[in-house]
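Structure assessment
Read off the chains here:
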Amino acid sequence: MMTVKRIKLGSQGLEVSAQGLGCLHMSYGPPQPESEMIDLIHHAINSGITFFDTADVYGPQTNEILLGKAVKGGLRERVELATKFGVCIMGDKAEYRGDPAYVRACCEASLKRLDVDCIDLYYQHRIDTRLPIEVTMGELKKLVEEGKIKYIGLSEASASTIRRAHAVHPITAVQLEWSLWARDVEEDVVPTCRELGIGIVAYCPLGRGFFSAVQKLAESLTEDDYSQYQRRFQPENLEHNLKLLKRVNEIAAKKGCTPTQLALAWIHHQGDDVCLIPGTTKVVHLNENIKAVAMKLTPEEIAELESNASAYAVEDDRYPDMISTYRNSDTPPLSSWKAT
């Protein structure tokens, strides 16, 4: 039976499996049988994966319910549950909120859907740039003090936002997109987290399918496929970006592994403060991903991967302009805010 090593995530006491499981696609895209997804989660736990990532907006809401059902009973004590708040769907638009009343209401609702007394790691999914981050953090701090959440996290937050939030209450983890084709976070956000003793959770470590099924994605984007909105998958950019995939394929063949495993192994080698959360709905893919945890890359292999990632730098940004990322997550100063 495969197993997954454990790491300390941040400096506040949270310990998780070095590789977790992103649960988004269990409740997004083609419908997945609930019983199969629960079996997948149980298989993950039995394989040593104990860190599960969801959000209230996944489904929406149904993913938290699914995860709650899967870890009922004795399994709850064997896992670490992370969920998120902050993306409020208004019709066909998303609004980012962090006002105290909203934070508390979201937490209470997630606790009910997950059917748990306490959330292990509670993230702000996207930063509300209309109010100071200190205001949001103040309410999260209260939720910790009340025992409703154990640890606080941020997702897609800038270095300055992270510093200000951490000054109110210690941040345990920052979730960010990090892969061979998304390395911009290495400039500022990752060093800030390490300076402050904050753990790093890498989402989309396979480049949103780039290192696993990009040809299929390129050939069959449908109207309800999120990838069609990503500029990196558009024809004018994809031809260039496939040059990186070709080099990764060649290195993986020489290594005797899949491109997927090589891409995951590269992030595992970035440090023991990094947890990956690749998502899947298939046991075969889960097993393949787990093997990457124990893979050893030589300094030469790492240098070759990074050299090619730089040489074939990915064309265009990872998100459309209208989606918030760490680049536009700064908030007003606390002195500008007046409680109402």
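A brief look at the structure comes next.

Reading the values: rules and limits
Residues numbered from 1 in each chain as written. Predicted model: local features only at pLDDT ≥ 70, side-chain atom pairs only at ≥ 80, totals over all residues. Heavy atoms only, no water. Salt bridge = Lys/Arg side-chain N within 4 Å of Asp/Glu carboxyl O. Buried < 20%, exposed > 50% of the residue type's maximum accessible area, 1.4 Å probe, protein only. Helix = DSSP H or I, 4+ residues; strand = E, 2+ residues; numbered from the N terminus. Phe/Tyr/Trp six-rings, centres within 6.5 Å; stacked < 30°, edge-to-face > 60°. Axes fitted to C-alpha atoms, helices over the stretch in contact; angles between N-to-C directions. Parallel < 35°, antiparallel > 145°, perpendicular 65-115°, else oblique. Left-handed = near helix turned anticlockwise from the far one by under 90°. Contact = heavy atoms within 4.5 Å. Nonpolar A, V, L, I, M, F, W, Y, C, P; charged D, E, K, R; others polar.

**With respect to the pattern of salt bridges**
Two side chains bearing opposite charge may form a pair once their charged atoms approach each other closely. Across all of its chains, the model carries 27 salt bridges by this definition. As a salt-bridge pair, arginine 97 and aspartate 99 come within 2.9 Å of each other at their nearest N and O atoms. The partly exposed category is assigned to arginine 97, whose relative accessible area is 24%. Residue aspartate 99 is classed as partly exposed on the basis of its relative accessible area of 21%. We note a salt bridge from arginine 208 to glutamate 177, for which the minimum N-O separation is 2.8 Å. You can see arginine 208 sitting in the loop between strand S11 (199-203) and helix H7 (214-219) and its partner glutamate 177 sitting in strand S10 (residues 173-177), a full 31 residues away along the chain. Note on accessibility: arginine 208 and glutamate 177 belong to one class, buried.

**A look at the packing of aromatic side chains**
What the rule picks out here adds up to two aromatic pairs. Arranged with centres 5.1 Å apart and planes meeting at 35 degrees, the rings of phenylalanine 85 and tyrosine 122 form a pair that is tilted. Of this pair, phenylalanine 85 sits in strand S5 (residues 80-85) while tyrosine 122 is found in strand S8 (residues 119-124), placing the two residues 37 residues apart along the sequence. Ring geometry for tryptophan 178 versus tryptophan 266: centroids 6.4 Å apart, planes at 85 degrees, classification edge-to-face. In this pair, tryptophan 178 sits in the loop between S10 and helix H6 (189-196) while tryptophan 266 sits in helix H9 (residues 259-268), placing the two residues 88 residues apart along the sequence. Pair check on accessibility: tryptophan 178 and tryptophan 266 agree, each one buried.

**Here we look at the packing of helix H1 (residues 34-46) against helix H2 (residues 62-70)**
The contact between H1 and H2 brings their axes to 9 Å, and the two run at 60 degrees. Taken as axis vectors, H1 and H2 run oblique relative to one another. At the point where H1 passes H2, the crossing takes the right-handed sense. Counted together, Glu34, Met37, Ile38, Ile41 and His42 of H1 and Leu66, Leu67, Lys69 and Ala70 of H2 form the full contact between these two elements. Tallied by class, the residues present in the contact of H1 with H2 amount to six nonpolar, one polar and two charged.

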